[in-house]
Amino acid sequence: MFTTIFGSVEQGIIYAIMALGVYLTFRVLDFPDLTVDGSFVTGAATAAMMIVLGYNPIIATLVAIVAGFIAGCMTGILHTKGKINPLLSGILMMIALYSINLRIMGLTAENTIGRPNIPLLNSETIFSSFQNWWGNLGIDAALNNILKNFGVQYVPSTWGTLIVVLFITILIKFIADWFLKTEVGLAIRATGDNKRMIRSFSANTDTLIILGLGLSNALVAFSGALIAQYSKFADNGMGIGMIVIGLASVIIGEAIFGTKTIMRTTLAVIAGAIIYRIVLALALKVDFLDTGDMKLITAVIVIMALIIPQFVNKNKERKRKVKRAQSVAIAKQGGSDLA
């Protein structure tokens, strides 16, 4: 059980980067961007392709981020310059990326133009490079001995992956917090709140939308590149349902931790992604559920995350009204007694 939860936390932290990208479009920019399902694979395919061709994993990951940024900008251009509905522009770009991703992965094959997947079993990745250094520190053995003393039988093979993804995600969180408080970040937030208002200040909302979508999909592609290196493969179908997973992470985090400040909200999104992966892993432990039920479980989690807060808020409002009515009744009773 511990190793299952541990692996879920590792994956949740990586997917949290994608969830932050979804947060930028759906919450900050108020743009229903479905490019995510395609740009996630674009990041994975680009990184895997370059790693197989012999490039350094860090360079491959950076190029994947740029590829995601370009994909997001194209969606923004379709909407702002092509005057296409935001939902439709995301769908069109997602469809286009399906073929583009096949072409990207096909660059590693000699006899075919497209390729549906790339294995990375024997390739050097960011995680394997870090683990080679981490393993010599002896920290894994010390932490695992502590866990065994507490009665944990099955311990992780390494803590290095958790440390590196946690560091990367926290760094991105603080960069996002800083960016959203800059002049450009505030302009993007204002564009999501009220386009007419920000236009009255002579701001170019088209550029801000394109930039926001580019940054969002850059984070999504970054997450895809890390997942490909973590899972040791890139597949053209690995992005299916990513937008739902991102939304689930955002909704769960906001429902539990609130959205009073930007720093609190981004932390809530990260926590929501981790909680989502843990709940999903525990649900798959149920005997009558199978890995094929993951999408169904995801839908149920999202539905619960949407409905439960409504019931909680309604219950609080009902109690508030009862207390208000009691206060009014007491006040009236006191006034009649004085009379």
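This text goes with the structure placed above it.
Below you will find a few notes about this structure. Small disclaimer: the values here were computed from a predicted structure and weren't measured. (Residues numbered from 1 in each chain as written. Predicted model: local features only at pLDDT ≥ 70, side-chain atom pairs only at ≥ 80, totals over all residues. Heavy atoms only, no water.)

This part takes up the overall build of the protein chain. The helix and strand tally for the protein chain stands at 13 helices and 2 strands. The principal-axis extents of the C-alpha atoms in the protein chain amount to approximately 95 × 60 × 40 Å. Here the protein chain holds 339 residues, and the buried ones make up 44% of them. Sequence-distant contacts, at least 24 apart, represent 75% of the contacts inside the protein chain between residues at least 6 apart. When the accessible area of the protein chain is evaluated, it comes to approximately 17600 Å², of which 66% is carbon and sulfur surface. (Helix = DSSP H or I, 4+ residues; strand = E, 2+ residues; numbered from the N terminus. Buried < 20%, exposed > 50% of the residue type's maximum accessible area, 1.4 Å probe, protein only. Contact = heavy atoms within 4.5 Å. Areas by Shrake-Rupley, 256 points an atom, 1.4 Å probe, with all protein chains shown as cover.)

Turning our attention to the nonpolar core. Proteins that are soluble and globular tend to have nonpolar side chains buried together. By size, the foremost hydrophobic cluster in this structure holds 72 residues, and its most contacted members are Met 18, Phe 40 and Leu 226. Looking at this core, the element that brings in the most residues is helix H1 (residues 2-28), giving 13 residues. Not counting the four nearest positions on each side in its chain, Leu 226 is found in contact with Ile 14, Ile 17, Ile 126, Phe 127 and Ile 168. (Core = buried A, V, L, I, M, F, W, Y, C linked by side-chain atoms within 4.5 Å.)

Looking at the element boundaries, Thr 80 is found in helix H3 (residues 57-80). A polar contact is formed between the side chain of Thr 80 and the backbone oxygen of Gly 76, at a distance of 2.7 Å. (Polar contact = N/O pair within 3.5 Å; in protein donor to acceptor, adjacent residues only side chain to side chain.)

A complete count under the given rule lists 4 salt bridges for this structure. Among the salt bridges present, the one from Lys 81 reaches Asp 206, with a minimum N-O distance of 3.6 Å. Here Asp 206 lies in helix H10 (residues 205-231) and Lys 81 lies in the loop between H3 and helix H4 (86-106), a separation of 125 residues in the sequence. Of the residues examined, Lys 81 reaches a relative accessible area of 54% and is grouped as exposed. On the basis of relative accessibility, which here comes to 17%, the residue Asp 206 falls in the buried class. The closest approach of N and O atoms between Asp 177 and Lys 173, which form a salt bridge, is 2.6 Å. Here Lys 173 and Asp 177 lie together in helix H7 (residues 160-179), a separation of 4 residues that amounts to about one turn. Pair check on accessibility: Asp 177 and Lys 173 agree, each one buried. (Salt bridge = Lys/Arg side-chain N within 4 Å of Asp/Glu carboxyl O.)

Further remarks concern helix H11 (residues 242-257). Helical geometry note: an α-helix holds 3.6 residues per turn, so side chains three or four residues apart project in the same direction. The end-to-end C-alpha distance of H11 is 22 Å, a good match for the 22 Å that 16 residues give at a rise of 1.5 Å each. When we look at burial in H11, the residues that qualify are Met 242, Ile 243, Ile 245, Gly 246, Ala 248, Ser 249, Val 250, Ile 251, Ile 252, Gly 253 and Glu 254. Two residues or fewer past H11, Gly 258 is found with a positive phi of approximately 85°. (Expected span 1.5 Å × (residues − 1).)

Time to look at a nonpolar patch on the surface. The grouping of Val 66, Phe 69, Ile 70, Met 74 and Ile 77 at the surface amounts to a nonpolar patch, some 400 Å² of accessible area in total. Mapped onto the secondary structure, Val 66 falls in helix H3. The class for Val 66 is partly exposed, based on a relative accessible area of 47%. (Patch = residues over 30% accessible without salt bridge, like charges linked within 9 Å, V, L, I, M, F, W, Y side chains within 5 Å.)

It is worth spelling out H4 at this point. With 21 residues, H4 should reach 30 Å at 1.5 Å per residue; the first-to-last C-alpha distance of 30 Å fits that figure. Along its length, H4 shows its largest kink, about 25°, at Tyr 98. Considered for burial, the residues of H4 that qualify are Ser 89, Gly 90, Met 93, Leu 97, Asn 101, Ile 104, Met 105 and Gly 106. In this structure, the buried side of H4 is in contact with helix H2 (36-52), H3, strand E1 (117-119) and strand E2 (233-235). (Bend = angle between axes of the 7 residues up to and from the residue.)

Its location among the elements puts Asn 136 in the loop between helix H5 (126-134) and helix H6 (139-149). Measuring from C-alpha to C-alpha, the distance between Asn 136 and Trp 159 comes to 12 Å, with 23 residues separating the pair along the chain.

Now for the packing of helix H8 (residues 183-193) against H10. Between H8 and H10, the shortest axis-to-axis distance is 10 Å and the interhelical angle comes to 100°. The angle between H8 and H10 falls in the class roughly perpendicular. Contact residues: H8 offers Val 184, Ala 187, Ile 188 and Thr 191, while H10 offers Thr 205, Leu 208, Ile 209, Leu 211 and Gly 212. Along the lines of polarity and charge, the residues of the contact of H8 with H10 split into 6 nonpolar, 3 polar and no charged. (Axes fitted to C-alpha atoms, helices over the stretch in contact; angles between N-to-C directions. Parallel < 35°, antiparallel > 145°, perpendicular 65-115°, else oblique. Nonpolar A, V, L, I, M, F, W, Y, C, P; charged D, E, K, R; others polar.)

With that out of the way, let us pick up the packing of aromatic side chains. Enumeration over the complete set of coordinates arrives at 4 aromatic pairs. With a centroid separation of 6.0 Å and an interplanar angle of 10°, the aromatic rings of Tyr 15 and Phe 40 are classed as stacked. Here Tyr 15 is found in helix H1, whereas its partner Phe 40 is found in helix H2, with 25 residues between them in sequence. Phe 40 matches Tyr 15 in its accessibility class, with the two residues each being buried. Plain terms: the ring middles of Phe 127 and Tyr 230 are 6.1 Å apart, the flat faces sit at 85° to each other, and that makes the pair edge-to-face. Of this pair, Phe 127 sits in helix H5 while Tyr 230 sits in helix H10, and the two are 103 residues apart along the sequence. Cation over ring: Lys 173 sits above Phe 174, and NZ or CZ is 5.5 Å from the ring centre. (Phe/Tyr/Trp six-rings, centres within 6.5 Å; stacked < 30°, edge-to-face > 60°. Lys NZ or Arg CZ within 6 Å of the ring centre and 35° of its normal.)

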